[in-house]
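# An overview of the molecular structure
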Amino acid sequence: MDKSIILPPDEIFRNLENAKRFAIDIGGSLTKLAYYSTVQHKVAKVRSFEHNVKDAASDKLYEISVQEEVTARLHFIKFENAYIETCLDFIKDHLVNTETKVIKATGGGAHKFKELIERKLGLKVDKEDEMTCLIKGCNFVLRNIPHEAFVYAKHADSEFRFQTTNPDIFPYLLVNIGSGVSIVKVESEDKFERIGGSSIGGGTFWGLGALLTKTKRFDELLQLASKGQHASVDMLVKDIYGGSYGSLGLTGDLIASSFGKSATADKEFSKEDMAKSLLHMISNDIGQLACLYAKLHNLSRVYFGGFFIRGHPVTMHTITYSINFFTKGEVQALFLRHEGYLGAIGAFLKGAEEDNPNQYSWGENYAGSSGLMSVSPDMNPMQRARSGTFDMLEMDRLERQLVNLPLLQDPSSYIPDTVDLTEDALAREYWLYCFEEALDGVVKRAVASQPDIPEANERAEKFRQKYRHKLQTLRHQPFAYGSLTVRSLLDTREHCLNEFNFPDPYSKIKQRENDMALKYYQKAVKSMEELSWEQRQFALVRGVLAGNVFDWGAKAVSDVLESDPEFGFEEAKRQLEERPWLVDSYNQWLERLKGPPHKCALFFVDNSGVDIILGVMPFVRELLSRGTEVVLASNSGPALNDVTNGELQILTERIAAMDQVIQAGLREDRLTLVQSGSSSPCLDLSRLDKVLAMVVRERQTDLVIIEGMGRAIHTNYYAMLSCESLKMAVIKNSWLADRLGGKLFSVVFKYEVPPGKPSQDSAALMPS
């Protein structure tokens with residue numbers, strides 16, 4: 001193998017000059033390197049101008065500044081051991097600011113390469129226990145990567161079916177299939193025990209396979225097995241009984257004896273058939289062992305890992321089949337997207353204990369991660385070669401600790417996304433096309449947001465290349481980052497924009513639209529107050545819906561806003577479909593409003609400008625007037641033209657200066673502004689700011705309102721909550737409208753009461 005490779009360093013060992021701490025996991029053929037770095041990137045901040053009350057409806061509301069911020073990032077890189085010397089040389093040449101004196105090491109190869117690492121890097125190698133590292137790494141990915149675990153289904157439209165990770169990840173069984181098999185029961189962060197194992201594992205398959213086929217490489221053995229027919233070597237039930245053995249419930253195709261035919265048949269067997277038979281024999285043995293331990297310890301979550309698995313479809317299929325057979329479908333074999341990194345992640349965490357990385361939440365940075373590669377031997381040989389060279393995973397430390405919304409009915413079955421594009425080929429093709437079409441507009445917007453910076457053009461071009469490359473990868477490997485959804489496509493775009501220092505391309509548009517909408521706020525409120533109670537309730541809902549039309553993320557709308565800057569609130573109202581709407585529970589909502597007020601409403605808001613100021617705020621004002629407390633949840637960081645918590649604080653203060661109801665709400669702590677912990681145009685209710693969850697509990701929230709296409713249709717359309725909920729959105733995409741049986745600007749107004757909760761809209765509760 002050519003060891004004089006030229007590394008594209010900015011793509012692989014990213015931000016090495018700011019690396020602080022290292023760990024390494026060296027296996028039989030692959031090395032996994034981990035390091036922590038500090039990343040400097042630009043963030044957009046807003047700061048209020050000072051205003052008097054008398055000129056509250058004039059002037060610019062706030063100024064925008066772009067500041068440098070330092071955040072923490074974890075880097076994990078996987079490469080073949082053949083490249084280890086070249087990589088160590090590269091690291092040594094680029095290591096500038098490290099204070100590290102030690103490198104944590106794990107894996108069987110840590111001893112073999114100890115001297116080389118110490119000589120090249122000048123760091124002392126400190127060995128860590130392999131199993132401890134593996135478990136620590138496994139806990140970390142299960143806790144921080146929502147689509148980490150998957151079920152493998154060979155013949156399904158989508159081979160990989162990603163699982164919702166239960167918020168409580170413990171207890172589970174980890175079956176690590178290396179040379180032998182270790183079966184570990186994990187009960188908590190620090191409590192685990194090896195409860196069993198076997199000497200018949202991956203090494204057995206490799207060793208016996210080499211003797212039988214004269215093939216020395218593990219991957220080649222798997223390739224042979226994928227083409228073989230085990231029935232020509234194995235003795236099946238029907239070979240003994242002429243068919244099935246009904247009284248014992250055994251089907252004719254079941255293996256009665258592995259390699260049974262080779263004892264009596266006087267013929268040569270092909271390498272492919274022998275490899276396939278051997279693979280079945282070992283997988284079935286491991287599968288049965290795993291099932292027995294799972295039953296003995298009453299565990300339903302069983303994760304498989306080790307080099308025998310490592311994303312190989314052939315072994316994942318045979319293990320899945322075996323588990324399914326022995327448990328009659330009661331236990332699923334689960335695999336992990338980042339299984340190959342667990343040891344390195346664990347070794348890193350051991351070295352970083354004084355920083356306590358587990359007190360933070362981390363998020364996968366799609367811009368710097370390769371994603372799950374399909375390593376199917378009969379797929380694309382170029383892909384196989386690619387996964388054999390360099391693979392990356394990056395995790396960014398999030399400012400906020402993320403937890404579940406306490407009001408989810410069943411957190412373990414909550415799936416944020418409405419459509420899984422991994423499984424829906426038509427929808428996938430449409431949305432990938434959509435995002436590719438929108439790319440020129442995003443690049444133009446990014447450049448326009450930094451008019452005084454000459455190199456903005458160059459950065460925007462790099463963003464275009466990076467994101468287009470991601471879209472191409474997802475076209476061929478939709479499962480790369482877990483389930484492919486509209487949300488993950490949007491989030492990948494945001495990650496790529498941040499990567500090239502475009503923190504908030506819509507900041508100036510948001511500023512202009514906020515300033516403009518504020519001028520009409522008092523007029524909008526006055527017009528509401530002139531209506532009768534019943535007319536006002538409908539006008540308020542129409543106001544929220546019309547405000548929601550102002551969404552720069554929707555092409556149908558951004559085209560209008562680009563060509564007609566005068567397009568306003570009244571025009572938007574005229575665009576809305578008349579009742580009955582596409583989804584219409586307005587009558588039930590109106591009846592509910594005739595009952596007692598809700599105690600507290602949590603409102604997830606959407607866009608800046610007309611949406612938040614002329615749509616949402618009058619609606620909030622009405623809730624406050626009814627005696628309902630309101631918590632407004634907005635994004636922590638920018639995404640499209642969505643209002644951020646920083647902007648909303650300033651907007652609300654300005655509105656309070658013109659409106660006594662809002663002012664009293666703030667003063668009496670009945671109107672609270674919190675950040676959601678998200679920087680996405682969509683909403684994952686299982687990853688919200690811990691402070692928000694605390695406020696929701698303390699205020700005894702009994703109504704959740706979710707607004708907008710991203711938060712209420714692309715995500716959460718089917719979300720089941722334990723309290724009343726209201727989902728409001730205008731469909732601003734004709735393909736999606738068509739899919740849902742409507743047309744452009746169709747309205748979704750979905751009021752839901754959880755089953756078993758008494759409806760409070762009875763006549764007895766009506767005001768006299």
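One can find the structure itself at the top, above this paragraph.
Sequence order sets the numbering: in each chain, residues are counted from 1 along the sequence as written. Owing to the predicted nature of the model, reporting of local features is limited to residues with pLDDT of at least 70; listing and counting of side-chain atom pairs is limited to 80 or more, with chain, interface and lining totals taken over all residues. Excluded from the side-chain calculations are hydrogens and water; all other atoms, namely the structure's heavy atoms, are used.

## Here's the deal with the overall build of the protein
Counted only if it meets this: We count a stretch as a helix when DSSP gives it H or I for four or more residues in a row; a strand needs E for two or more, and each element gets its number in order from the N terminus. The quantity called the radius of gyration is restricted to C-alpha atoms. Its globule counterpart is 2.2 Å times the number of residues to the power 0.38. Throughout, exposure labels follow a simple rule: accessible area from a 1.4 Å probe, protein chains only, divided by the maximum for the residue type, with under 20% read as buried, over 50% as exposed, and the rest as partly exposed. Here a residue-residue contact requires only that any non-hydrogen atoms of the pair lie within 4.5 Å. Note on areas: Shrake-Rupley with a 1.4 Å probe; residue coverage comes only from the protein chains shown. Positive charges come from Lys and Arg, negative ones from Asp and Glu, while His and the chain ends are left out of the count. Charge positions come from single atoms, namely NZ of Lys, CZ of Arg, CG of Asp or CD of Glu.
Across its full length, the protein holds 27 helices and 25 strands. For 768 residues, the compact-globule estimate of 2.2 N^0.38 gives 27 Å, and the C-alpha radius of gyration of the protein, at 29 Å, lies within 12% of that figure. C-alpha atoms of the protein, sized along the principal axes, occupy 95 × 70 × 45 Å. When the 768 residues of the protein are sorted by exposure, 58% land in the buried category. Contacts in the protein between residues at least 24 apart in sequence constitute 74% of all its contacts with a sequence separation of at least 6. A total of about 32,400 Å² of accessible surface is found on the protein, and carbon and sulfur atoms cover 50% of it. Side chains of the protein give 90 positive and 103 negative charges; the mean places of these two sets differ by 2 Å.

## Quick word on the side chain of N144
Here is the rule: For this analysis, a polar contact is any N or O atom pair within 3.5 Å, provided that within protein one partner can donate a hydrogen and the other can accept it, and provided that sequence-adjacent residues contribute only side-chain to side-chain pairs.
By secondary structure assignment, the location of N144 is in helix α4 (residues 130-144). Judged by relative accessible area, which is 3%, N144 ranks as buried. Among the polar contacts listed, one links the side chain of N144 to the backbone nitrogen of W362, at a separation of 2.9 Å. Other than its neighbours up to four places away in sequence, N144 contacts Y360, S361, W362, M395 and R687.

## Focus: the environment of E571
Position of E571 relative to the elements: it lies in helix α20 (residues 569-575). A relative accessible area of 29% places E571 in the partly exposed class. When the C-alpha positions of E571 and A546 are compared, they lie 8.6 Å apart, and in sequence the two are 25 residues distant.

## Focus: the sheet that holds strand β18 (residues 583-584)
Spelled out, the test is: Any two strands with at least two DSSP bridges between them are considered paired. The axes are straight lines fitted to the C-alpha atoms, using for helices just the contacting stretch, and the angles between their N-to-C directions are given from 0 to 180°.
Reading across from one edge, β18-β25-β24-β23-β19-β20-β21 is the order of the 7 strands in this open sheet, with mixed pairing throughout. Each having just a single partner strand, β18 and β21 (671-675) make up the two edges of the open sheet. Bridge analysis of β18 against strand β25 (residues 746-752) gives 2 bridges, and the strand direction is parallel. The residue of β25 that forms the bridge with D584 is F749. Sitting on the sheet, helix α23 (residues 645-658) touches β20 (629-634) and β21, and the angle it makes with β21 is about 160°.

## As for the pairing of strand β16 (residues 391-397)
Among the 7 residues of β16, 6 are classified as buried, and the element is accordingly described as predominantly covered. With 6 bridges connecting them, strand β3 (residues 62-80) and β16 associate as antiparallel partners. Among the inter-strand pairings, H75 is bridged to a residue of β16, identified as E394. Both strand β15 (residues 362-364) and β16 contribute to a ladder of 3 bridges, which runs antiparallel. Looking across to β16, one finds that W362 is bridged to R397.

Geometric descriptors of this kind do not, in isolation, establish any biological role.
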